[in-house]
Amino acid sequence: MLLRATPPHTFTHTLHATSDPQPLRVWICSQRARSVKMPSYSWLLALYLAALTGNTDGAVARESTERNCSSTPPYLPSTAVNTSLQLEELRVQMRAMNISAYIIPATDAHLSEYIAPRDARLAFMTGFTGSAGTAVVTLNKAALWTDSRYWVQAERQMDCNWELEKDVSISSVAQWLISEVPKGDEIGFDPFLFSLKTQEDYNINLESSDRSLKSITENLVDKVWKERPSVPPDSLTRLPDRVIQRTWQEKVEHIRTQMGDSPYKPTGLLLSALDETAWLFNMRGNDIPYNPFFYSYTLLTMDEIWLFLHMERVTEELKVYLNASCEGALCVQLKGYDTILDHLKNYVSRPGVKVWIGTEYTNYALYEVITPQDKLLTSSYSPVLTTKAVKDETEQQILRDAHVRDAVAVIQFLMWLEKTVPEGNQTELTAAEYVDKCRSKQKDSRGPSFGTISASGPNAALAHYSPSKETNRRLTVDEMYLVDSGGQYLDGTTDITRTVHWGKPTEMQKEAFTRVLMGNIEISRTIFPSGTRGVNMEMLGRRALWEVGLNYGHGTGHGVGNYFGVHEWPVGFQSNNIPFRAGMFTSIEPGYYKENDFGIRIEDVAVVVPVQTKYGNNYLTFDTVSLVPYDRKLIDTSLLSSEQLHFLNKYYKTIRSLVGPELDNQGLREEKDWMLRNTEPFAEIGSSASVSSSSLTLIALAVALLHNIV
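- The name given to the protein in an unreviewed UniProt entry is Xaa-Pro aminopeptidase 2, with Oreochromis aureus as the source organism.
- Looking at the Cofactor (unreviewed entry) heading of the UniProt record, one finds this comment for the protein: "Zn(2+)".
- Taken from UniProt, the Subcellular location (unreviewed entry) comment for the protein reads in full: "Cell membrane".

## Examining the overall build of the protein
- Looking only at helices and strands, one finds 21 helices and 26 strands in the protein.
- By the burial criterion, 60% of the 710 residues in the protein qualify as buried.
- For the protein, the accessible area works out to roughly 28200 Å², and carbon and sulfur atoms hold 51% of it.

## Brief notes about the nonpolar core
- In terms of nonpolar packing, the biggest core is built from 79 residues, with Ile103, Leu177, Phe281 and Leu322 touching the most fellow members.
- Top element by residues in this core is helix α6 (residues 170-180). It accounts for six residues.
- Those residues in contact with Ile103, other than ones at most four positions away along the chain, are Thr134, Ala135, Val136, Leu177, Ile187, Gly188, Phe189, Phe194, Tyr202 and Leu213.
- The next biggest cluster of nonpolar side chains, apart from the first, holds 62 residues, and it includes Ala460, Leu517, Leu640 and Val659.

## Points about the sheet that holds strand β12 (residues 332-336)
- One open sheet holds the six strands; their spatial order is β12-β11-β10-β8-β13-β14, and the pairing between them is mixed. The strands lining the two open edges of the sheet, one partner per strand, are β12 and β14 (376-379). On average, adjacent strands in this sheet sit at an angle of 20° to one another, irrespective of strand direction.
- Where strand β8 (residues 268-271) and strand β13 (residues 355-358) come together, two bridges link them in parallel fashion. Along β13, the bridge assignment pairs Leu269 with Trp356.
- The sheet strands contacting helix α12 (residues 340-348) are β8, β10 (297-301), β11 (305-309), β12 and β13, and the helix crosses β10 at an angle near 20°.

## Concerning the confidence of the model for the protein
- Summary statistics for the protein give a mean pLDDT of 89 and a share of 88% for residues scoring 70 or more.
- A low-confidence stretch, residues 688-710 stays under pLDDT 50, and its non-local contacts, those more than four residues away or across chains, total five contacts.

## Re the sheet that holds strand β22 (residues 585-588)
- Spatially, β21-β26-β25-β22 is the arrangement adopted by the four strands of the open sheet, whose pairing is antiparallel. Strand pairing shows two members of the sheet lacking a second neighbour, β21 (528-529) and β22, which therefore form its edges.
- Where β21 meets strand β26 (residues 619-624), two bridges bridge the pair, whose relative direction is antiparallel. Across the sheet, Phe528 pairs through a bridge with Leu620, a residue of β26.
- Contacts from helix α15 (residues 393-420) reach β22, β25 (604-611) and β26, with the element oriented near 145° to β25.

## Considering unusual backbone geometry
- Going from Thr371 to Pro372, the amide bond is cis rather than trans, its omega being -5°.
- Note on placement: Pro372 falls in the loop between α13 (364-367) and β14.
- Across the junction of Trp569 and Pro570, the peptide omega takes the value 10°, indicating a cis bond.
- In this fold, Pro570 is placed in the loop between α18 (543-546) and β22.
- A positive phi angle, near 65°, is found at Asp210, a position not held by glycine.
- Considering the arrangement of structural elements, one finds Asp210 in the loop between α7 (196-206) and β6 (212-215).
- With phi around 70°, Tyr290 is a residue other than glycine that occupies positive phi space.
- Along the chain, Tyr290 turns up in the loop between β9 (283-284) and β10.

## As for the pairing of β6
- Where strand β5 (residues 186-189) lies against β6, four bridges are found, and the strand directions are parallel. Bridge pairing in β6 places Glu186 opposite Ser212.

## Re the packing of aromatic side chains
- Scanning the model with the defined rule gives 25 aromatic pairs in all.
- With centroids separated by 4.8 Å and ring planes inclined at 10°, the aromatic side chains of Phe124 and Trp225 adopt a geometry described as stacked. With Phe124 in helix α4 (residues 121-126) and Trp225 in the loop between α8 (220-224) and β7 (237-238), this residue pair connects regions lying 101 residues apart in the sequence.
- By relative accessible area, which is 4% here, Trp225 ends up buried.
- Cluster of aromatic residues (ring-pair linked, three or more members): Phe189, Phe194, Tyr202, Tyr364 and Tyr367.
- Looking at Lys388, its charged tip hangs above the ring of Phe564, at a distance of 5.3 Å from the centre.
- Geometry around Tyr552 places Arg542 over its ring, the cationic atom sitting 3.8 Å from the centre.

Cut-offs applied
- Residues numbered from 1 in each chain as written.
- Predicted model: local features only at pLDDT ≥ 70, side-chain atom pairs only at ≥ 80, totals over all residues.
- Heavy atoms only, no water.
- UniProt positions renumbered as here; feature names shortened; annotations may be inferred.
- Helix = DSSP H or I, 4+ residues; strand = E, 2+ residues; numbered from the N terminus.
- Buried < 20%, exposed > 50% of the residue type's maximum accessible area, 1.4 Å probe, protein only.
- Areas by Shrake-Rupley, 256 points an atom, 1.4 Å probe, with all protein chains shown as cover.
- Core = buried A, V, L, I, M, F, W, Y, C linked by side-chain atoms within 4.5 Å.
- Contact = heavy atoms within 4.5 Å.
- Pairing = 2+ DSSP bridges.
- Axes fitted to C-alpha atoms, helices over the stretch in contact; angles between N-to-C directions.
- pLDDT = per-residue confidence, 0-100.
- Phe/Tyr/Trp six-rings, centres within 6.5 Å; stacked < 30°, edge-to-face > 60°.
- Lys NZ or Arg CZ within 6 Å of the ring centre and 35° of its normal.

Here it is as structure tokens:
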């Protein structure tokens, strides 16, 4: 799956830039010319259906029904949402707080990439359901900022209460605020929804304008959102022992050791990212679509543990598991989720304390109460995130095992497409449904890890495409097809992209595909010193494309978790990712996209492993754990070097040795035959299966001599 070029909570984000199948597609019923209150069950149903169907980005691009606010009377399509009521009620709240503007981001209090339905405040206020944007409401105007992927969608979904600003920078938002807000007035924001950098950037842009930000911890949108979805009632769970090597107690002690080893001597560690707490306690939930997380914070000290969560979801069994009834260094004190701010204030008021935070995922509300500054220790990422990035032996093995079963599902899917597409009955949506169905049959399946990107022909040229009823294309043998999909399993998370053609590809398509494959191989086979940053080798994925003037506009890879998020920071190939170490898992996913024609992406997940070199020690390479063959008819072997051919054949041999037995175990004889056909070794330069030009010359001379003798 594609990766954003910046951390997911910053405004300019928005994967992988991403293939961005944002799971939350909040479809708000049409309310043109009137305000309609949806019953709570209707809202929840709409959210659920939206999460299943994906966004409508492509849909709006194909329809001409966009709003026209300059006509008389203004024209609104049936997809536009009447937002007059919520704007009126929000402005009442704004006046009560004595603010002239209010900023509404598209994230949650944990600065998550994916958000739950109850955090879709931007969608509720604007009607716009894209995954990236910022809204600002003044006492007489309202505006939305979003990037070019969503401009058409915004014109279809917003009514004429809203201006559309075609920019993504905080400086643009600030300049608009300066022009609309009177001097001396305040601009409100929810500090739980601002990262430290976001708040700093707004301050910098507003500092000389005589307008200032006002932190309001009670979200004003929530106060007018009468039917806001509630937190899921499901009980939280713990991971079974068979998928755990380190107990939560061992993890806590390991993190405390890092705290003690720090020269800055922090007394407490605040964990804000949802995957931090889930990892630390080996627990999972289902609060966020596609991600097994639950709303939580943790404050860890050298002799106390406070876990902040929704108490009603903690079973008696979990309380025993967490030692919640005792007092001591390894006893977890359970606190209400909403008490984190007050508890943190109380802790900071103690003499001699110092709180360590990771600035990338700590919201401004928590940051601003850690005062004075000598009580604060910051790093980009917390020690939990950097420790979690390196998988232990059990995590590595079970994640490999999950990829073997996932390969079986993808092979079933690709074989099914090969048989059924020529019949003319399959579409992008039926294909997306079928790959999820294949995965659901595998052991320990817990659903997809993101909304499947199923894209045919020109749709695949849109790197951020997600299929919808309006954009759905029939799959044919005349077009290339790209499928980017993944699964959640109790023992791992998967993410894989394959591009195929069931007919006769053009020479340009074959060359582009082969050069993308060359980029994938070059990163996968490279050997590098431990501690090398991914950004320093990212160009290897592009070099073969650059040689002929081609490129791609998204990230080259991202970390992958163990039954966690499909994008696991801080691993990957971007400038703000941490250096590679043995035991890290990352995707490798170069691509190429020809506008209005086709798209290519080849994505595999690989683990960083030690490698022996002739002279040096402490060197690393990648070991690919995705185990699905590439489309042979798209590979032009004449472009591949002997090393690349050897790597490809070795990879296919690995697929046979690992996936073959699993296909046998599941009784999938036809699928195994398909796999064997598609992993036949390619002729390597210098091998007995190939004949060099010099050998051909010698043969020709011998034939000529024999002819002369005769």
